[in-house]
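# Structural features, examined
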Amino acid sequence: MAGLSAAARARELGGAPVVYEKGTRAGGSMLLSSCVIWRFREWDDFRTECPSGDELLQRVVWERLDEGIAWLESLGAPVVAHETGNPRTVGKRFDPSGLTDVLVRAAGDVRLGERAIGPEILATGGFQGSAELVAEHIRPAGRLRLRANPWSSGDGLKLGLERGAALSAGMDEFYGRNMPDTDFSEGDFVPAAQLYGRYSRVYNEQGQEFFEGAVSWSENDLVQTTARQPGARAWYVLDDAALGQRVRERTVADMVALAPTRVDPSDLPFEVPAGARVAVRVAPGITHTIGGLRIDEQARVVGAEGLHAAGADVGGISTGGYASGLAAALVFGRVAAEGALDRL
Ligand SMILES: Cc1cc2nc3c(=O)[nH]c(=O)nc-3n(C[C@H](O)[C@H](O)[C@H](O)COP(=O)(O)OP(=O)(O)OC[C@H]3O[C@@H](n4cnc5c(N)ncnc54)[C@H](O)[C@@H]3O)c2cc1C
């Protein structure tokens, strides 16, 4: 998202950018996503929900997102829904494949399977694709299955560090979803996500209810806490009331039906409450890292002269919570292009 947005903006401003794409196709994780590009409706909610994020960077995303979305529409990106479905947020849902096509066209020169020598804007999508980097930074945590494109393995982070870059807060944080605790493929990333922890009794393998307080609406707090449990897994235990709840267009029962790891509660090795109907073994899938390179409001990498960065290579925006990764990638992709062309 960030690289294509940067290139499209740079070309619009008269530059001649080249996008070097390591993968076999364009679009990165954006193409696999639900493609809801959003911000908190109220500024104060952004601060409350992501309290340890860099306030100056958050402000840029919050103030420039609407203009970014209007720009995508002006390029012809197909909108699927003009609302997010969450009263606390505003934004639009795009068709990911249509959005990718539009951005590739507007970016102009996109070279698949190639790596840049001396890139000016880093936009490699974070380091979740590297098991080594994940183990180094996101600890303590068990193994995290990848729920993202396979190519974002920290190349931007490594290159930035070689150039003297500073790191953001939250290097041990990630955004993800609790998934059935079994291997899954790209086509399962969205439908198989088990997004009903808030309606469940949640136990670890030792039968302890480990999550304290209320689970947030994004459930990213529960996902990260699950990663830190023995074996990095949890059991969601549900009764009839929980199974009947709705999350967006689906019921909890619909999501449970797609989990091959569901069992009868009587098969669990610990006591469950009366009325429990089903239990699902879940484990976190990592979608993207939350920590990364530190930038300023003009997307310049702090400590690395002449380098810009955007997207999940950048850290410190949704730290302490969860905010739209596509929104940050879109806004700072455009800002980076403007900065690289000295148009700010
Ligand atoms: C299933 C799923 C659902 C999601 N739903 C949403 C949602 O609804 N809303 C939302 O805001 N976010 C969502 N996200 C997250 C969102 O997709 C990411 O936050 C966003 O794509 C990050 O943008 P990016 O440009 O940093 O990374 P990407 O979009 O992944 O792009 C990074 C690109 O860099 C390429 N690359 C990596 N290394 C190199 C290298 N060395 N040289 C050249 N190219 C390289 C990769 O191949 C990739 O194409 C979702 C993600 C997934 C997987």
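Our subject is the structure listed above.
Notes on the structure follow. (Residues numbered from 1 in each chain as written. Predicted model: local features only at pLDDT ≥ 70, side-chain atom pairs only at ≥ 80, totals over all residues. Heavy atoms only, no water.)

## Comments concerning the packing of helix H1 (residues 2-12) against helix H10 (residues 325-340)
A pair of packed helices is captured by two measures, namely the crossing angle of their axes and the spacing between those axes. Orientation of H1 relative to H10, taken along the N-to-C sense of each, is 40°, at an axis distance of 7 Å. With respect to each other, H1 and H10 are oriented oblique. Here H1 and H10 pass one another in a crossing that is right-handed. Contact residues: Ala-2, Ser-5, Ala-6, Arg-9 and Ala-10 in H1; Ala-329, Leu-330, Gly-333, Arg-334, Ala-337 and Glu-338 in H10. Residue composition of the contact of H1 with H10, grouped by class: six nonpolar, two polar and three charged. (Axes fitted to C-alpha atoms, helices over the stretch in contact; angles between N-to-C directions. Helix = DSSP H or I, 4+ residues; strand = E, 2+ residues; numbered from the N terminus. Parallel < 35°, antiparallel > 145°, perpendicular 65-115°, else oblique. Left-handed = near helix turned anticlockwise from the far one by under 90°. Contact = heavy atoms within 4.5 Å. Nonpolar A, V, L, I, M, F, W, Y, C, P; charged D, E, K, R; others polar.)

## As for the environment of Arg-228
Structurally, Arg-228 can be placed in the loop between helix H7 (220-227) and strand S10 (234-238). Accessibility expressed as a relative area gives 31% for Arg-228, which makes it partly exposed. Distance from Arg-228 to Arg-139, taken between C-alpha atoms, is 7.8 Å for residues 89 residues apart in sequence. Here Arg-228 is in contact with Ile-138, Arg-139, Pro-140 and Asp-172, once residues within four sequence places are set aside. At a separation of 3.3 Å, a polar atom in the side chain of Arg-228 contacts the main-chain carbonyl oxygen of Gln-224. (Buried < 20%, exposed > 50% of the residue type's maximum accessible area, 1.4 Å probe, protein only. Polar contact = N/O pair within 3.5 Å; in protein donor to acceptor, adjacent residues only side chain to side chain.)

## Let's talk about the site of the ligand
Taken together, 34 residues form the shell around the ligand, and within it Glu-21, Val-36, Asp-155, Ala-312 and Ser-324 come nearest. Separating an oxygen atom of the ligand from a backbone N or O atom of Met-30 is a distance of 3.3 Å. His-288 is positioned such that a nitrogen or oxygen atom in its side chain is 3.5 Å from an oxygen atom of the ligand. Protein chains bury 94% of the 1,000 Å² of accessible surface belonging to the ligand in isolation. Secondary-structure elements contributing two or more residues to the shell around the ligand are strand S1 (18-21), strand S14 (278-289) and H10. Among the elements that make up the shell around the ligand, the one with the highest residue count is H10 (three residues). Its residues placed into classes, the shell around the ligand shows 15 nonpolar, 14 polar and five charged. (Near = heavy atom within 4 Å. Areas by Shrake-Rupley, 256 points an atom, 1.4 Å probe, with all protein chains shown as cover.)

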